[in-house]
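Spelled out, the chains give:
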Amino acid sequence: MNNLSPFAAHPREGGGPEVKKQDLDSRFRGNERSMDPAYESQAAFRALMDCTARPGELRKLRGVSAPAPFAPATAALIQSLADYETPLWLDAAFAAEKKVADWIRFHCGAPIVREPGEAAFALIADAAAMPPLAQFSQGTAEYPDRSTTLLVQIESFAGTPFTLRGPGIKASREFAASPLPADFAVRMKENRALFPRGVDLVLVAGNDIAALPRSVAVEAR
Amino acid sequence: MSAPVYNFAYLDEQTKRMIRRAILKAIAIPGYQVPFASREMPMPYGWGTGGVQVTASILGPDDTLKVIDQGSDDTTNAVSIRKFFVKTAGVETTTRTEDATVIQTRHRIPETALTENQVLVYQVPIPEPLRFLEPRETETRRMHALSEYGLMHVKLYEDIARHGHIATTYAYPVEVGGRYVMDPSPIPKFDNPKLSDSAALQLFGAGREKRIYAIPPYTKVKSLDFEDHPFEPYRHDAACELCGATHSYLDEVITDDKGGRMFVCSDTDFCEQRRAEGHAHVPDQNEAVHG
Ligand SMILES: [Zn+2]
């Protein structure tokens, strides 16, 4: 217990569970609320958490404006999740824009790495030309969490149709996204065969996101 | 009077980012224990510091939080954690399961079926189901990596040889999504079937042991058993003496100093709602059950 403990005034047992909003630092109130970065980060994370728990389900984020080729949702997710502990890898389309690296340095301080296998997050603007998933970190048998999460920007959640199955999905889910590599379902199948190792994908179209974690079975329709 | 200044939901943004990344990996790898850098919290271990850190990292200003301790919203532990989040995150709280968006729990799963709009956060004391068989972390890591769960089955079978049945009644081990063997925290094995195919996301936080793990919605969770000794959830063969429920998990409470005791629902919200709906205990019927 330390000195700023909210437990200092210890509630008595059975002291009535109905507690209303109170004691709240005014920073979290009113108009400032929508601008508080803590809220923005939480909202972006929570949307991605829901998406990861329900592969293929779409969520709309309040996007963040960032230099091209950043999609607003990609920028929001990077701001929410990346920092000096999470090396980023940029595809050729991202790497070609000097403003991208400046924005990353200023907004999250994440190091940019040349080897995709060293990245915690990979930013991919040219989805159709994305590198093989095996080039990224797959984690180890003992620590499968030490893997890369790919943020893959697409044009829309329409086009090539897939059927998804696996944890988070009741029976099956229809899913569509484009553009993607022609052999995308095969790549995802190979990725899933490595389970529990493998990479996790987040697809981004503008402000919309969907997740395809390594646990999902992707079948071309 | 100067009020202390808190970060939203107490934890600093850097810590929340780290915990959030661990939560995402945990969901992507159902049942796998993701290590994280657990922080000191303004409450002792054993008060659910792991669950509190997970809740603090997912909670937003529009959430409605429910906290239960062994099924009750009213214990010191539950009330304190609820007050902590009212103070640091300004969230609404509730005791009604169906009104909550985030439910933090110690030792129970609510009787009321959870929905897709809810997240259940478990407080976990010992996350490693193999720990009592193998004290070395490097070894248990290796066993999980190779799905080497034979020892666990041997232990359960020794139970059968000794007691005629599997003696484990709490923290009964499960297999998640056909891969990882996982400790569901010290819930009664009566609750184990609710782990499987839940509409809600389930997150597990162990503060002292620094582990986060998860069961996504609609994921198969199987309690370990044997063909000749199938898993059986246990409940006292009685009705709740307040609401008459015959399908809820019951606690045996001592009512006086002369050895008086009664069975009541462990889930106080469930029991109160049933009574509000007019359900009551019918003693004769209960006698018949025992008869
Ligand atoms: Zn009852």
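Each chain has its residues counted from 1, following the order in which its sequence is written. Following the order in which they are written, the chains are lettered starting with A and the ligands numbered starting with 1. Since the coordinates come from a predicted model, pLDDT governs what is reported: local features require at least 70, and pairs of side-chain atoms require 80 or more to be given and counted, while whole-chain, interface and lining totals use all residues. Excluded from the side-chain calculations are hydrogens and water; all other atoms, namely the structure's heavy atoms, are used.

Engineer: I would appreciate a short explanation of the overall build of chain B in the present structure.
Structural biologist: Helix and strand definitions here come from DSSP, where helices need a minimum of 4 consecutive H or I residues and strands a minimum of 2 consecutive E residues; each element is numbered from the N-terminal end. Helix and strand content of chain B: 8 helices and 12 strands. When each of the 291 residues of chain B is scored for burial, the buried share is 60%. Within chain B, contacts between residues separated by at least 24 positions form 62% of all contacts whose residues are at least 6 apart in sequence. Here chain B displays about 11,300 Å² of accessible surface, and carbon together with sulfur accounts for 52% of that area. For the charge count, each Lys or Arg is scored as positive and each Asp or Glu as negative, with His and the chain ends excluded. By convention, the point assigned to a charge is CZ for Arg, NZ for Lys, CD for Glu and CG for Asp. Each charge sign in chain B was given a centre, from 32 positive and 41 negative side chains, and these centres are 8 Å apart. Only protein chains enter the accessibility calculation, which uses a 1.4 Å probe; a residue is then buried when its area is under 20% of its type maximum, exposed when over 50%, and partly exposed in between. Throughout, a contact is declared for two residues whenever any of their heavy atoms are within 4.5 Å. Areas reported here follow the Shrake-Rupley algorithm with a probe of radius 1.4 Å; residue values treat only the protein chains shown as occluding.

Engineer: What exactly am I supposed to notice about the overall build of chain A here?
Structural biologist: Helix and strand content of chain A: 5 helices and 10 strands. Taking all 221 residues of chain A together, 53% fall into the buried category. Counting only contacts in chain A whose residues sit at least 6 apart along the sequence, the fraction spanning at least 24 positions is 67%.

Engineer: Help me understand the coordination of the zinc ion in this model?
Structural biologist: Residue and element names in this part refer to chain B. Protein coordination at the zinc ion comes from Cys 240 (SG), Cys 243 (SG), Cys 265 (SG) and Cys 271 (SG), with a distance range of 2.2 to 2.3 Å. Metal-centred angles of 104 to 117° between the 4 donor atoms at the zinc ion mark the site as tetrahedral. A donor here means any N, O or S atom no more than 2.8 Å from the metal (3.2 Å for Na, K and Ca); water is not included, so a site may seem to lack partners. Sequence positions of the residues that donate to the zinc ion give the spacing C-x2-C-x21-C-x5-C. For Cys 265, a relative accessible area of 5% translates into the label buried. Labels for metal geometry use angle windows, namely 85 to 135 degrees for all angles of a four-donor tetrahedral site, and for square planar (four donors) or octahedral (six donors) sites opposite donors over 155 degrees apart plus all others within 65 to 115; sites meeting none of these are irregular.

Engineer: Mind showing me how you'd approach the interface of chain B and chain A here?
Structural biologist: Each side of the interface is counted separately: chain B has 67 residues, and chain A has 62 residues. Once two parts are joined, some of their accessible surface, as seen by a 1.4 Å probe, is lost; buried area is that loss totalled over both. Between chain B and chain A, roughly 5,500 Å² of surface is buried when both sides are summed, and carbon and sulfur atoms account for 60% of that area. Any carboxyl oxygen of Asp or Glu that lies within 4 Å of a side-chain nitrogen of Lys or Arg is treated as forming a salt bridge with it. On inspection of chain B and its partner chain A, the count reaches 4 salt bridges. Residue Asp 83 of chain A pairs with Arg 21 of chain B through a salt bridge whose shortest N-O separation is 3.2 Å. Two N or O atoms form a polar contact when they lie within 3.5 Å of each other; inside protein one atom must be a possible hydrogen donor and the other a possible acceptor, and for residues adjacent in sequence the pair counts only when both atoms belong to side chains. On inspection of chain B and its partner chain A, the count reaches 16 residue pairs in polar contact (both at pLDDT 80 or more).

Engineer: Looking at this structure, how should I read the pattern of salt bridges?
Structural biologist: Side chains that differ in sign of charge can pair as their charged atoms come close. The final tally for this structure, using the stated rule, is 35 salt bridges over all chains. Here Glu 85 of chain A makes a salt bridge to Arg 21 of chain B, at a shortest N to O gap of 2.9 Å. With Glu 85 of chain A in the loop between α2 (72–81) and β2 (88–90) and Arg 21 of chain B in helix α1 (residues 13–28), this residue pair bridges two chains. Of the charged contacts, one joins Arg 105 of chain A and Asp 102 of chain A as a salt bridge, the two residues approaching to 3.1 Å between their closest N and O atoms. You can see Arg 105 of chain A and its partner Asp 102 of chain A sitting in helix α4 (residues 98–107), 3 residues apart, about one turn around the helix. Here Asp 102 of chain A falls in the partly exposed class, since its relative accessible area comes to 32%.

Engineer: Honestly, the confidence of the model for chain A in this entry has me stumped. Any pointers?
Structural biologist: Mean pLDDT over chain A works out to 88, with 84% of the residues at or above the 70 mark. Looking at any residue, its pLDDT shows the predictor's confidence there, from 0 to 100. Here residues 1–34 of chain A is a poorly scored stretch, pLDDT under 50, and it has 75 contacts once near neighbours within four places are set aside; other chains count.

Engineer: Just to check I follow, could you spell out the nonpolar core for this structure?
Structural biologist: Soluble, globular proteins show a tendency: their nonpolar side chains are buried together. As used in this record, nonpolar core signifies buried Ala, Val, Leu, Ile, Met, Phe, Trp, Tyr and Cys residues forming a set joined through side-chain atoms within 4.5 Å. Core analysis: the biggest nonpolar cluster contains 87 residues, and Met 49, Ile 78, Ile 104 and Ile 209 of chain A together with Ile 23 and Leu 203 of chain B have the highest contact counts within it. Ranked by residues supplied to this core, first place goes to helix α1 (residues 37–53) of chain A with 9 residues. Excluding residues that lie within four positions of it along the chain, Ile 104 of chain A makes contacts with Phe 70, Leu 88, Leu 90, Gly 109, Ala 110, Ile 112 and Leu 123 of chain A. By size, the runner-up hydrophobic cluster in this structure holds 30 residues, among which are Phe 136, Phe 162, Phe 184 and Ala 185 of chain A.

Engineer: So what exactly am I meant to see when it comes to the environment of Thr 163 of chain A here?
Structural biologist: Residues and elements named next belong to chain A. Secondary-structure assignment places Thr 163 in strand β6 (residues 156–165). Accessibility expressed as a relative area gives 8% for Thr 163, which makes it buried. Each C-alpha atom of the pair Thr 163 and Trp 103 lies 36 Å from the other, and the pair is 60 residues apart in sequence. Once you skip the residues sitting within four places of it in the chain, Thr 163 turns out to touch Ser 172, Arg 173, Glu 174, Ala 217, Val 218, Glu 219 and Arg 221. Here the side chain of Thr 163 touches Arg 221 through a polar contact of 3.4 Å, side chain to side chain.

Engineer: Would you mind going over the confidence of the model for chain B with me for this structure?
Structural biologist: Any residue range with low pLDDT should be treated as having predicted coordinates unsuitable for detailed reading. Of all residues in chain B, 95% attain a pLDDT of 70 or more, and the chain-wide mean is 92. This prediction of the complex comes with two scores: 0.91 for pTM and 0.94 for ipTM.

Engineer: I tried to follow the pairing of β6 of chain A on my own but got confused; where do I start?
Structural biologist: For a regular strand, side chains alternate in direction, first toward one face of the sheet and then toward the other. All names here are of chain A. Pairing between strands is defined by DSSP: at least two bridges between them are needed. Here β6 pairs with strand β7 (residues 173–178) via 5 bridges, running antiparallel. Within β7, the residue paired with Ser 156 across the bridge is Ser 178. Sheet topology places β6 next to strand β10 (residues 217–220); 4 bridges connect them, and they run antiparallel. The residue of β10 that forms the bridge with Arg 165 is Ala 217.

Engineer: Help me out: how do you make sense of α1 of chain A in this one?
Structural biologist: Residues spaced three or four apart along an α-helix face the same direction, because each turn holds 3.6 residues. A helix is expected to span 1.5 Å multiplied by its residue count minus one. For α1 of chain A, which comprises 17 residues, the first-to-last C-alpha distance of 24 Å matches the rise-based estimate of 24 Å (1.5 Å per residue) to within 8%. Taking burial as the measure, the 17 residues of α1 of chain A include 14 buried ones, the bulk of the element.

Engineer: What is the right way to look at the sheet that holds strand β6 (residues 174–176) of chain B in this model?
Structural biologist: Adjacent strands of a sheet pair through backbone hydrogen bonds, lying either parallel or antiparallel. All names here are of chain B. Strand order across the open sheet formed by 3 strands is β7-β6-β10, with antiparallel pairing between neighbours. A single partner strand is all that each edge strand has here, and the edge strands are β7 (180–182) and β10 (221–223). Averaged over all adjacent pairs, the angle separating strand axes in this sheet is 30°, with direction ignored. Of the strand pairs in this sheet, β6 and β10 are connected by 3 bridges, and their pairing is antiparallel. Bridge pairing in β10 links Glu 175 to Lys 222. What counts as an axis is a line fitted to C-alpha atoms, over the stretch in contact for a helix, and the angles between N-to-C directions run from 0 to 180 degrees.

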